[in-house]
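# Coordinate analysis (summary)
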Amino acid sequence: MSKRREVLFSHGQESGPWGTKITALARDARDAGLEADSIDYRGMPDPADRAAKLVARMRDSSKEILLVGSSMGGYVAVAAAQQRPAAGLFLMAPALAVPGWPELVETVTAPAFIVHGWQDDIVPIEWSIDFARANHARLHLLNAGHSLTEALDEIRTLFRAFISAGS
């Protein structure tokens with residue numbers, strides 16, 4: 001019997017906990033038999049505070065945790081995974097090297113999938129390439145902008161592959 005797993009979502013700086021991408025991916029996670037929750041970081045501009053909130057939520061769970069983050073939420077997911085073990089990371093246009101934010105350790109122990117849009121004009125694609133190279137992560141570059149919503153079907157397919165990889 002496999003260990004029960006839970007997916008914890010971290011939204012971006014300007015979005016909320018149940019935006020279009022998170023709602024669709026949470027439905028896919030639940031359809032696969034996983035629990036899914038999205039942390040509400042609204043009103044928390046500091047990424048370190050967000051990461052601390054996510055780590056506290058991870059401590060409250062007895063399940064194996066998969067972290068999913070978009071933009072600033074990608075940074076938060078990586079920062080949390082460097083403080084508390086995660087079973088996997090699914091990062092969408094992760095803001096991993098923003099000047100003024102606490103610097104992340106270059107590597108993580110959790111297997112990682114990264115999705116980034118070629119036309120992202122907010123988060124440089126090079127940050128995802130560098131992180132993928134340092135972590136031997138699966139990197140998927142899509143014909144999309146920063147929000148990635150125009151590639152939602154592709155992202156859902158990649159996410160389903162990500163959650164089934166650990167089954």
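Description of the structure in this document. Keep in mind that what you see is a predicted model, and the values were worked out from it rather than measured. (Residues numbered from 1 in each chain as written. Predicted model: local features only at pLDDT ≥ 70, side-chain atom pairs only at ≥ 80, totals over all residues. Heavy atoms only, no water.)

### Focus on the sheet that holds strand β4 (residues 88–92)
- As summarised here, the arrangement of the 6 strands in space is β2-β1-β3-β4-β5-β6, forming an open sheet in which the pairing is parallel. Looking at strand neighbours, the two that pair on one side only are β2 (35–39) and β6 (138–142), the edges of this open sheet. Put simply, the sheet's adjacent strands are angled 15° from each other on average, direction ignored.
- Where β4 meets strand β5 (residues 112–117), 4 bridges bridge the pair, whose relative direction is parallel. Paired with Phe 90 across the bridge in β5 is Phe 113. (Pairing = 2+ DSSP bridges. Helix = DSSP H or I, 4+ residues; strand = E, 2+ residues; numbered from the N terminus. Axes fitted to C-alpha atoms, helices over the stretch in contact; angles between N-to-C directions.)

### Some words on the pairing of strand β3 (residues 64–70)
- Most of β3 is tucked away, with 6 of its 7 residues classed as buried.
- Inspection of the sheet shows strand β1 (residues 5–10) paired to β3 by 6 bridges, in the parallel sense. Following the sheet pairing, Val 7 is matched in β3 by Leu 66.
- Relative to β4, β3 runs parallel, the two sharing 5 bridges. (Buried < 20%, exposed > 50% of the residue type's maximum accessible area, 1.4 Å probe, protein only.)

### Some details on the packing of aromatic side chains
- In total, this model carries 7 aromatic pairs according to the counting rule given.
- In this structure an aromatic cluster arises from ring pairing among Phe 9, Phe 90, Phe 113, Phe 159 and Phe 162. (Phe/Tyr/Trp six-rings, centres within 6.5 Å; stacked < 30°, edge-to-face > 60°.)

### Focus: helix α1 (residues 20–31)
- Over its 12 residues, α1 runs 17 Å from end to end, which matches the ideal 16 Å to within 8%, given 1.5 Å per residue.
- For α1, the full list of buried residues reads Lys 21, Ile 22, Ala 24, Leu 25, Ala 26, Asp 28 and Ala 29.
- Next to the buried residues of α1 lie β1, β2, β3, β4 and α5 (152–165). (Expected span 1.5 Å × (residues − 1). Contact = heavy atoms within 4.5 Å.)

### Structural notes on the pairing of β2
- Two elements, β1 and β2, share 5 bridges in a ladder whose sense is parallel. Each residue of the ladder has a partner; that of Glu 6, found in β2, is Glu 35.
- Handedness of the crossover joining β1 and β2 through α1: right-handed. (Right-handed = clockwise from strand over helix to strand, strands pointing away.)

Take it as geometry only, folks, not as evidence of what the structure does.
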